[in-house]
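Listed below, chain by chain, are the residues.
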Amino acid sequence: MLQSNDLAAAADESATWTPGSAALPVSFARTVGLFTPPGPGAAPSDCAVLLLSPWGFEEMCTRKLWRQLAERFSGLGVASLRFDYPGTGDSLDAMEFPGGLPVWQGAIEAAAAELRRLSGASKLVLVGHGLGATLAVLSAGKLGAVEGMALMAPVVSGRFYLRELSAWSKMVDDGLGLGEDQRITSKTSIAGLVMPDDVAEAVRRINLQATEIAPAPSILMVHRPARENEAALATRLEELGAAVSRQAYLGYDELVSNPTIATQPDAVATRVAEWVGTLAAAAGPASRPWSSPGTAVLGGDGFFEEPLRFGPRGRLSGVLCTPVAARRGASVILLGTAYDRHAGWARSTVETARCLALQGIASLRFDAANVGDSPPVGGAPGQVLFSAGQKDDVKAAFDLMAARRLAPAVLAGRCSGAYLAFQSSLDEPRCRGVVAVNPFTFVWDPDDSVDEALRYNPRSLGDYRKRALRLDTLRRLAAGQIDLGRAAANIGRQLGRRAAAAAPGLLGRLTKYGRLQRSALSAFRTLAGRRTPVRLIYSETDVGLERYHAYFGADGSGLRAFANVSVEVVPDADHNMSPPAARALLQRRIIETALADD
């Protein structure tokens, strides 16, 4: 639990901001936000930007874009605030949504008031994406002086949006390999995120084309070229007297296809920033300096959560979750997967952190550099996954836990986060255990391309066999939707690893795969020598099992010499461990590891 001197230290950390730092956390209306003040050297404007996020999978994909826009605005002297709607991201749960949208609109009003308080600006510009752009139009009349709106791919027809969301959800689930019995079909959902029924019903009734009053005097419509209703909305807003500028949303599909491989629409971001800069210049200077938010803390059922910045220059953004009751065992550092934000896929990391707190276990979840809300490290490569540089972020996390008297800690992560947990444990004496879920590998092969592995999502041989028997696979094959050449190459590489692992004596040792195998075994010996518990957990068709079998044998006999290692294969689970039973099992294993020495 946070002590008074800890809170004072946190307040000191949040009092300054420079480019390269993470945004300043703030809490209000049962949720958390991130405030980015005007940059040093820029004249603070009397305009500030309130960023309104889309919902669901689209929000995950645009999280990095929001950070980059906030940084661009800061350089122009424009403060900004972005936040999670109640019941999403890092906000509190256990809520009702009477009437559908009023709870979210109430949070938008609270965010607007908080932005004015912090920034010293009297005028607002709203920048919204998807459903967030729609909420901007619906809420503008209650927010005071709104100088302008940038509407990025707005939801014009709620009924059409929900139909599109249903199709999008099926595509995501098919990509994960989820069967019909594992999908959430009774509610409005995508990627495991469920829209409350009352909200979904309110969204269904949305028709922006029926808007009768211009929501702002100046509007930038960032429209998808193929969406005629977005162009029609721009025309409607002009008819209502707004000065409307148009910008084609080039790169939209590449942004929202997958948060792991999202390509940022730089040309569009530049246009939005220039448009905001013009409004900010016309607004004149702010009447007073911006204010520090101080320490942000949320209190929930059995836990306190403190969104914070940490590391050198406060460059990392995360959330510390501590139990209300007496603390037990080791703390847990929850590492992110790929470029997913620290809330986790389908908020699984948020759920895990709060579950741990109910057991008396403290935890930290955070975005590594150049992921989500944490800016990149200067001079570092753009592709940070599976890179040695991420271990610096884990060290900073251990340093934070030590400073808060919450060390030692267990490292837990999935896929690339599992790899990072394993590799970081080798260098970190404060690590008390590793829970590695579906690790893609234990030692990175320098001949492998991270970008290709992420973009083309190689599957295990077991997964290829499973999918080959599905009628849907035959339909996709007939429609030319399956890249047979790439699938054959993936299968060939995996068979090559198996053959190299099975090669006898010197022949096997001289292969590249033999050298990688020796490196992996050496790492496991190091952890065995320290008696560091290592739990390996796989879904039954995960591609990571191919490396596991190549290094340690089809029966895993290569790991039997290590008493500190346990291996568990979870049936009926996808790579993301989406089914509730799989999630619950992972939480139990993390709790067991954290309490092992209690």
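Everything below is about the structure printed above this text.
Within each chain, residue numbers correspond to sequence positions counted from 1 in written order. Thresholds applied to this predicted model are a pLDDT of at least 70 for local features of residues and 80 or more for the giving and counting of side-chain atom pairs; totals over whole chains, interfaces and linings are not thresholded and use all residues. Just so you know, side-chain values use all the structure's heavy atoms and leave hydrogens and water out.

Draft legend 1. Summary view of the overall build of the protein. In this description a helix means any DSSP run of H or I spanning at least four residues, a strand means any run of E spanning at least two, and both kinds are numbered starting from the N terminus. Helix and strand counts for the protein come out as 20 helices and 19 strands. Only protein chains enter the accessibility calculation, which uses a 1.4 Å probe; a residue whose area is less than 20% of its type maximum is buried, one above 50% is exposed, and one in between is partly exposed. Classification of the 598 residues of the protein by burial places 57% in the buried group. Whether two residues are in contact is decided by their heavy atoms: any pair within 4.5 Å suffices. By sequence separation, contacts in the protein at least 24 residues apart represent 76% of the contacts at least 6 residues apart. Accessible surface is estimated by sampling points in the Shrake-Rupley manner with a 1.4 Å probe; for residues, cover comes only from the protein chains shown. Carbon and sulfur atoms make up 55% of the accessible area of the protein, which amounts to about 23300 Å² in all.

Draft legend 2. Quick look at helix α3 (residues 102-119). In this scheme, a helix's expected span is set at 1.5 Å multiplied by one less than its residue total. Taking 1.5 Å of rise per residue, 18 residues should cover 26 Å, and α3 covers 25 Å from first to last C-alpha, within 8% of that figure. Listing the buried residues of α3 in full gives W104, Q105, A107, I108, A111, A112, E114, L115, L118 and S119. Positive phi shows up at G120, right after α3, with a value of about 80°.

Draft legend 3. Structural view of the nonpolar core. Counting 96 residues, the largest nonpolar core has L50, F73, V127 and V272 as the members making the most contacts within it. At nine residues, the largest contribution of residues to this core is made by helix α9 (residues 266-283). In contact with L50, not counting residues within four places along its chain, are L81, F83, I108, A111, A112, L115, V125, L126 and V127. Residue types Ala, Val, Leu, Ile, Met, Phe, Trp, Tyr and Cys, when buried and joined through side-chain atoms within 4.5 Å, form a set referred to as a nonpolar core. Core analysis: the second largest hydrophobic core is formed by 45 residues, L364, L527, Y548 and V565 among them.

Draft legend 4. Fine view of the sheet that holds strand β15 (residues 363-367). Only strands joined by at least two bridges in the DSSP assignment are considered to pair. With mixed pairing, nine strands are arranged side by side in an open sheet as β11-β12-β13-β15-β14-β16-β17-β18-β19. Looking along the sheet, the strands with just one partner apiece sit at the ends: β11 (298-300) and β19 (565-570). Mean inter-strand twist for the sheet, computed between neighbouring axes without regard to direction, equals 20°. Relative to strand β17 (residues 431-437), strand β16 (residues 409-414) runs parallel, the two sharing five bridges. Counted as the bridge partner of R414 is V437 from β17. Axis geometry follows a simple rule: fit a line to the C-alpha atoms, using only the stretch in contact for helices, then measure angles between N-to-C directions, giving values from 0 to 180 degrees. Seen against the sheet, helix α11 (residues 390-403) touches β12 (303-310), β13 (316-323), β14 (331-334), β15, β16 and β17 and runs at an angle of roughly 145° to β15.

Draft legend 5. View of the sheet that holds strand β6 (residues 146-152). Read across the open sheet, the eight strands follow the order β1-β2-β4-β3-β5-β6-β9-β10; overall the sheet is mixed. Each edge of the sheet is formed by a strand with only one pairing partner; in this case those strands are β1 (24-28) and β10 (243-248). The average angle at which neighbouring strand axes cross in this sheet is 20°, direction not considered. Across six bridges, the pairing between strand β3 (residues 47-52) and strand β5 (residues 123-129) is parallel. Residue pairing in the sheet places C47 in a bridge with K123 of β5.

Draft legend 6. Layout of helix α2 (residues 57-75). Here α2 contains 19 residues, and its C-alpha end-to-end distance of 29 Å stays within 8% of the 27 Å for a straight helix at 1.5 Å per residue. Burial within α2 is extensive, with 15 of its 19 residues counted as buried.

Draft legend 7. View of the pattern of salt bridges. Every case where a carboxyl oxygen of Asp or Glu lies within 4 Å of a side-chain nitrogen of Lys or Arg is listed as a salt bridge. Tallied over the full model, the rule gives 36 salt bridges. Between R67 and E71 there is a salt bridge, with its nearest N and O atoms 3.2 Å apart. With R67 and E71 both in helix α2 and four residues apart, the pair spans about one turn of that helix. A residue is classified by how much of its surface remains accessible, and R67, at 2% relative accessible area, is buried. One salt bridge in this structure joins D93 and R347, with 2.6 Å as the shortest N-O distance. Of the two residues, D93 is situated in the loop between β4 (79-83) and α3 and R347 in the loop between β14 and α10 (348-358); the sequence distance between them amounts to 254 residues. Given the relative accessible area of 33%, D93 is considered partly exposed. With a relative accessible area of 12%, R347 lands in the buried category. Through salt bridges with shared partners, a single network forms among E59, R63, R82, D84, D90, D93, E305, R341, R347, R354, R365 and D373.

Draft legend 8. Expanded view of the packing of helix α12 (residues 416-427) against helix α18 (residues 512-530). Across the interface, α12 lies against α18 with an axial gap of 10 Å and an inter-helix angle of 55°. In terms of their interaxial angle, α12 and α18 are classed as oblique. Where α12 crosses over α18, the handedness of that crossing is left-handed. Every residue of α18 that contacts α12 at F422, S425, L426 and D427 is listed here: A523, F524, T526, L527 and R530. In terms of residue class, the contact of α12 with α18 is made up of five nonpolar, two polar and two charged. Angles are sorted into four bins: roughly parallel if under 35 degrees, roughly antiparallel if over 145, roughly perpendicular if 65 to 115, and oblique for all others. In this scheme the crossing of two helices becomes right-handed for a clockwise turn of the near helix relative to the far one and left-handed for an anticlockwise turn of less than a right angle. Classification used: nonpolar for Ala, Val, Leu, Ile, Met, Phe, Trp, Tyr, Cys and Pro, charged for Asp, Glu, Lys and Arg, polar for all others including Gly.

Draft legend 9. Broad picture of the pairing of β13. Counted residue by residue, β13 has eight buried out of eight residues, so it is predominantly covered. With burial as the criterion, each face of β13 is covered, one bearing L316, G318, L320 and T322 and the other bearing S317, V319, C321 and P323. Note: β12 against β13, eight bridges, orientation antiparallel. Each bridged residue has a counterpart across the sheet, and for R309 the counterpart in β13 is S317. Between β12 and β13, which pair antiparallel in sequence order, lie five residues; one of them, G311, sits at a positive phi of approximately 85°. In the sheet, β13 pairs with β15 via five bridges, with the strands oriented antiparallel. Bridge assignment links V319 to a residue of β15, and that residue is R365.

Draft legend 10. Structural view of the side chain of T211. Structurally, T211 can be placed in the loop between α6 (197-204) and β9 (218-223). For T211, a relative accessible area of 13% puts it in the buried group. Polar contact is defined as a pair of N or O atoms within 3.5 Å, subject to the rule that within protein one atom must be able to donate a hydrogen and the other to accept it, and that residues adjacent in sequence are counted only when both atoms are side-chain atoms. Here L208 takes part through its backbone oxygen, which lies 2.6 Å from a polar atom of the side chain of T211. For T211, the contacting residues outside a window of four places in its chain are V137, R236 and L240.

Draft legend 11. Representation of the packing of α18 against helix α19 (residues 544-552). At their nearest, the axes of α18 and α19 sit 9 Å apart, and the two run at 90° to each other. Classified by the interaxial angle, the pair formed by α18 and α19 is roughly perpendicular. Contact with α18, carried on its side by Y513, L516, Q517, A520, L521 and F524, involves A550, Y551 and F552 of α19 and no other residues of that element. Within the contact of α18 with α19, the residues separate by chemical class into eight nonpolar, one polar and no charged.

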